[in-house]
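Coordinates in review
Letter by letter, the chains look like this.
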Amino acid sequence: MVGVTEPLLLAVVVATALAFDFTNGFHDTGNAMATSIATRALKPKQAVLLSASLNLVGAFLSLTVAATIATGIVDSDIVTLEVVLAGLAGGIVWNLLTWLFGIPSSSSHALVGGVVGAVIAAAGVSGVLWSGLTAKVLIPALVAPVIAILVATVGTALVGRITQDVPDKDNDRMFRWGQIGSASLVSLAHGTNDAQKSMGIILLALIAAGAVPADSSVPFWVILSCALAMALGTYTGGWRVIRTLGKGLVELSSRQGMAAETSSAAVILLSSHFGYSLSTTHVATGSILGSGVGTKGASVRWGVAGRMFAAWMITVPSAAAVGAAFYGIDVLIGGTAGSFVVFGLLIAISAVIYGWSRRQPVSSSNVNDDWDPAQQSESYVAESVTMHRPEIMRVKRKELKRAKRRAKAARGAEEAARRRAAARVAELKDEPAVRRGSERDGER
Amino acid sequence: MSEYVEWGALLNVLLVGLLVGAGLPALFAVGVRAIAGPGARAEDGSVSAGRRVLAWICFGIAILAIVGAIAFLAAGGH
């Protein structure tokens, strides 16, 4: 490491890039595995383990790393280490926020947004190539779900028609295998594409700091650490996002899941083949929606989907705002100290978001629970609209309230009965009722 | 508009996507129907050789597609 100009700054940037890689894996597990988890083709833990392993393999599969970041979107002369750091921080914060709300959103768009924001803060709006941003990021975000919905709708309809008189048991058994195969492909593609983005960023940072020569290839430790960071993120499992994708949009069967994942894999790989990269997240979400559209009698919760589309539209501006703020703080404090403050701030924000998430944890144990209408009132609206039955909303709401009241009353009665029984037992056995009570609490 | 949208690439993605992304699941479904559909099992529960061959041709094409996709990824075509 001779001739490194700012070793501490470099270390901070590398750590942040790896952190972004982690959130990337963490946030995007659902794209590949949500359907397999929802249809019970794989147990939740098995699914994330498989996905993490394939991410790891994918990261080593191809090493054509382009040492560029947001090429054609921002003026590459402005991209300094501080800009990269602020951009990464913006991407991480947006990834964590969307994860908190269980919204699948594109990690690469978050990164682009963060960098765009930092560039605007550094050099003004002229530093951004707006037509590039529109053509490469904003329009594909609109186009990707449409294409995926079309492909998955046709695929699901065909599959449904062909196998309609096959026994459900046989369908489930065989389509689960198909589903695992296509989901694995999505994981592999994700590992290859996205881990390489982080490798590219770290390489760029190393070159900028003079730690490696400009024509250097990616050092092995960079490949290894990026692959591991992403695999670890994937294994941790963004259960909140998985839950929304697998249970929130459509109630999936194995046949739908298989058609959706195949459509995702096909569209993702073809789009990169034809040089028109579409975001994995947008494609995967579109495919799942399509699998609902293509199934007779299935209802799609368009309310939940609408919230996602809204989040995709604001991904770039929001991440840009955070990126710009971080860059501003960095410059305001100045020098390496500024970058340290940004790094510290990032850790603090992440901790707050994590703490928030614990108030309503989603884990491998409750990821497949039924989508709770009380929590997601708009799903009723969506259902009543898609099925053209406005009465669903009203009736079910009323029923919901009644059911809640009944449940509360039942709980109260049960509790009272148990207390009475405990008191009686205590009297009979001449034991203190308090101890019995605490035992009972322990049981529950 | 054409400045912002690459219509050619988009059309390619859509058409080939439909062919592969919808065609492969359909082919897989044909395979499933061949070995598990109505009339596939004889009275003793066995499946005729013809149906087995048809099913495995369908599954084989699906497996080939996966292998091809992995090769595409490994070749750096992403």
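Residues numbered from 1 in each chain as written. Chains lettered and ligands numbered in written order. Predicted model: local features only at pLDDT ≥ 70, side-chain atom pairs only at ≥ 80, totals over all residues. Heavy atoms only, no water.

**Description of the overall build of chain B**
- When helices and strands are tallied, chain B shows two helices and zero strands.
- Scored against the burial criterion, the 78 residues of chain B give a buried share of 35%.
- For chain B, restricting intrachain contacts to residue pairs at least 6 apart in sequence, the fraction spanning at least 24 positions comes to 42%.
- Looking at chain B as shown, the accessible area adds up to about 4,300 Å², and 70% of this sits on carbon and sulfur atoms. (Helix = DSSP H or I, 4+ residues; strand = E, 2+ residues; numbered from the N terminus. Buried < 20%, exposed > 50% of the residue type's maximum accessible area, 1.4 Å probe, protein only. Contact = heavy atoms within 4.5 Å. Areas by Shrake-Rupley, 256 points an atom, 1.4 Å probe, with all protein chains shown as cover.)

**Remarks on the overall build of chain A**
- Within chain A, the regular secondary structure consists of 15 helices and zero strands.
- When the 444 residues of chain A are sorted by exposure, 53% land in the buried category.
- In chain A, the proportion of contacts linking residues at least 24 apart, taken out of those at least 6 apart, comes to 83%.
- Total accessible area on chain A is roughly 18,900 Å²; 63% of this is exposed by carbon and sulfur atoms.

**With respect to the interface of chain A and chain B**
- Counting from both sides, the interface comprises 47 residues of chain A and, opposite them, 39 residues of chain B.
- Buried area between chain A and chain B, both sides added, is near 3,500 Å², and the carbon and sulfur share of it is 81%.
- Considering only the surface of chain A that becomes buried against chain B, A:M174, A:F274 and A:Y276 emerge as the three largest contributors, covering 16% of it.
- Applying the counting criterion to the chain A and chain B interface returns one salt bridge.
- We note a salt bridge from A:D165 to B:R33, for which the minimum N-O separation is 2.4 Å.
- Taken together, chain A and chain B are joined by two residue pairs in polar contact (both at pLDDT 80 or more). (Buried area = accessible area lost by both parts, 1.4 Å probe. Salt bridge = Lys/Arg side-chain N within 4 Å of Asp/Glu carboxyl O. Polar contact = N/O pair within 3.5 Å; in protein donor to acceptor, adjacent residues only side chain to side chain.)

**Quick word on the UniProt feature "transmembrane region" (unreviewed entry) in chain B**
- Taking the numbering used here, the UniProt-annotated feature "transmembrane region" (unreviewed entry) corresponds to residues 12–32 and 53–75 of chain B.
- Taken end to end, residues 53–75 of chain B is 96% helix and 0% strand, and its two terminal C-alpha atoms sit 32 Å from one another. (UniProt positions renumbered as here; feature names shortened; annotations may be inferred.)

**Quick look at helix α4 (residues 107–123) of chain A**
Residue and element names in this part refer to chain A.
- Its 17 residues give α4 an end-to-end C-alpha distance of 24 Å, which sits within 8% of 24 Å, the value for a rise of 1.5 Å per residue.
- Counting buried residues along α4, 13 of its 17 residues qualify, which places the element largely inside the surrounding structure.
- Just downstream of α4 lies G124, where phi reads positive at about 80 degrees. (Expected span 1.5 Å × (residues − 1).)

**What about the nonpolar core?**
- By size, the foremost hydrophobic cluster in this structure holds 111 residues, and its most contacted members are A:V74, A:L133, A:I147, A:M199 and A:L249.
- At 14 residues, helix α6 (residues 168–209) of chain A tops the list of elements feeding residues into this core.
- In terms of nonpolar packing, the next biggest core, distinct from the first, is built from 17 residues, B:V32, B:A34, B:A36 and B:F59 among them. (Core = buried A, V, L, I, M, F, W, Y, C linked by side-chain atoms within 4.5 Å.)

**Re the packing of aromatic side chains**
- One pass over the full model with this rule turns up seven aromatic pairs over all chains.
- Judged by centre distance (6.2 Å) and plane angle (40 degrees), the ring pair of A:F60 and A:F220 falls under tilted. One end of the pair, A:F60, is in helix α2 (residues 44–61); the other, A:F220, is in helix α7 (residues 220–236), and 160 residues separate them in sequence.
- Aromatic pair B:F28 and B:F59: ring centres 4.9 Å apart, planes at 50 degrees, arrangement tilted. Taken as a pair, B:F28 in helix α1 (residues 7–36) and B:F59 in helix α2 (residues 49–74) lie far apart in primary sequence, 31 residues in all.
- What makes B:F28 buried here is its relative accessible area of 9%.
- Of the residues examined, B:F59 reaches a relative accessible area of 8% and is grouped as buried.
- What links up through ring pairs into an aromatic cluster is the set A:F175, B:F28, B:W56 and B:F59. (Phe/Tyr/Trp six-rings, centres within 6.5 Å; stacked < 30°, edge-to-face > 60°.)

**Considerations on the pattern of salt bridges**
Residue and element names in this part refer to chain A.
- Within the structure shown, the criterion is met by six salt bridges over all chains.
- A salt bridge links R173 to D170, with the shortest nitrogen-to-oxygen separation between them at 3.1 Å. Linking R173 with D170, this pair stays in helix α6, spanning three residues, or about one helical turn.
- For K197, the salt bridge identified is with D194, shortest N-O distance 3.2 Å. Here the residue K197 and the residue D194 both occupy positions in helix α6, the gap between them amounting to three residues, near one helical turn.
- The exposure class of D194 is buried, given its relative accessible area of 5%.
- One salt-bridge network, held together by shared partners, links K247, E251 and R301.

**Some thoughts on a positive patch on the surface**
- On the surface, A:K401, A:R402, A:K404, A:R405 and A:R406 cluster together into a positively charged patch.
- Turning to its location among the elements, A:K404 is positioned in helix α14 (residues 391–429). (Patch = residues over 30% accessible without salt bridge, like charges linked within 9 Å, V, L, I, M, F, W, Y side chains within 5 Å. Lys, Arg positive; Asp, Glu negative; His and termini not counted. Charge placed at Lys NZ, Arg CZ, Asp CG, Glu CD.)

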